[in-house]
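Report on the structure
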Amino acid sequence: CSSVGCTNVSYKGGACKRHGAKVKVCSADGCTNQSVKGGVCQRHGAKVPRCRTKGCPNGAVQGGVCVRHGAQTKRCSHDGCTNRAYTGGVCVRHGAKVRLCSFPECTNQVKMRGVCIKHGAKIKGCSFEGCTKHSQEGGVCFEHGAQGKLCSSGGCTSRAKVGGL
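The text that follows walks through the structure, step by step, so that each part is easy to find.

**What about the overall build of the chain?**
Within the chain, the regular secondary structure consists of zero helices and zero strands. Along the three orthogonal principal directions, the C-alpha set of the chain runs to about 50 × 45 × 40 Å. With 165 residues in all, the chain has 22% of them scored as buried. For the chain, the computed accessible surface area is about 12400 Å², with 50% contributed by carbon and sulfur atoms. Of the charged side chains in the chain, 27 are positive and 6 negative, and the gap between their average positions amounts to 10 Å.

Here it is in structure tokens:
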């Protein structure tokens, strides 16, 4: 964004939504989502490219594939950091702003529709019969087959929690 001190992503005219960028809204009755293609949002029928890797449900980022399958994305500009860059060219750990839950005095990150899980965001559950855990990858939890990233420390076989460790 071209406004002084603002690090948000800019749209047409060099401004972010907060500083006056005009973004098109979905044409479906009562919908306030941003339109993606053909005047509608994804929920109301806009078709967006999917990763061409067989069985992958992620959106294509570059060259028809998602980040997991080879699309290159910008990396954090902080020395030695290999995390994905978001606003301002840095990752969340190094200062990129994250959206917080709109519920008063809640400091959790937004998961869906402006709220965190605690305040109503619906997260898909594991598809394994009788399991009540959240799905992580491929519709299942870690216990039932989701792989996740492994720790990058030599010889460690645990799943990574923060910063690849």
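**Here we look at the pattern of salt bridges**
Throughout the structure, instances matching the rule amount to one salt bridge. Residues glutamate 143 and lysine 133 are paired through a salt bridge, measuring 2.5 Å at the closest nitrogen-oxygen approach. Among the residues examined, glutamate 143 registers a relative accessible area of 56% and is labelled exposed.

**Observations concerning the environment of arginine 50**
A relative accessible area of 44% means that arginine 50 is categorised as partly exposed. Measuring from C-alpha to C-alpha, the distance between arginine 50 and cysteine 1 comes to 28 Å, with 49 residues separating the pair along the chain. If near-sequence neighbours (up to four positions away) are discounted, arginine 50 is found in contact with Gln42, Pro57, Asn58, Gly59, Ala60 and Gly64. Within the structure, arginine 50 has its side chain in polar contact with the backbone oxygen of proline 57 (distance 3.3 Å).

**So, unusual backbone geometry**
One non-glycine residue, glutamate 105, lies in the positive phi region at around 65°. Residue glutamate 105 is classed as exposed on the basis of its relative accessible area of 84%. We note that arginine 113 has phi near 50°; this positive angle belongs to a residue other than glycine. Classification of arginine 113 as exposed rests on a relative accessible area of 62%.

**Focus: a nonpolar patch on the surface**
On the surface, Tyr86, Val92, Val98 and Leu100 cluster together into a nonpolar patch covering about 350 Å² of accessible area. Look at valine 92 and you get partly exposed, because its relative accessible area is 40%.

**Focus on the environment of cysteine 41**
A relative accessible area of 3% places cysteine 41 in the buried class. Filtering out sequence-adjacent residues up to four positions away, cysteine 41 remains in contact with Cys26, Cys31, Asn33, Gln34, Ser35, Val36 and Ala46.

**Digging into the environment of glutamine 109**
Glutamine 109 gets classed as partly exposed once you look at its relative accessible area, which sits at 43%. In the structure, glutamine 109 is positioned 63 residues away from alanine 46 in sequence and 27 Å away in space, judged by C-alpha atoms. Contacts of glutamine 109, omitting those with residues within four sequence positions, involve Val98, Arg99, Leu100, Cys101 and Cys116.

Rules and cut-offs
Residues numbered from 1 in each chain as written. Predicted model: local features only at pLDDT ≥ 70, side-chain atom pairs only at ≥ 80, totals over all residues. Heavy atoms only, no water. Helix = DSSP H or I, 4+ residues; strand = E, 2+ residues; numbered from the N terminus. Buried < 20%, exposed > 50% of the residue type's maximum accessible area, 1.4 Å probe, protein only. Areas by Shrake-Rupley, 256 points an atom, 1.4 Å probe, with all protein chains shown as cover. Lys, Arg positive; Asp, Glu negative; His and termini not counted. Charge placed at Lys NZ, Arg CZ, Asp CG, Glu CD. Salt bridge = Lys/Arg side-chain N within 4 Å of Asp/Glu carboxyl O. Contact = heavy atoms within 4.5 Å. Polar contact = N/O pair within 3.5 Å; in protein donor to acceptor, adjacent residues only side chain to side chain. Patch = residues over 30% accessible without salt bridge, like charges linked within 9 Å, V, L, I, M, F, W, Y side chains within 5 Å.

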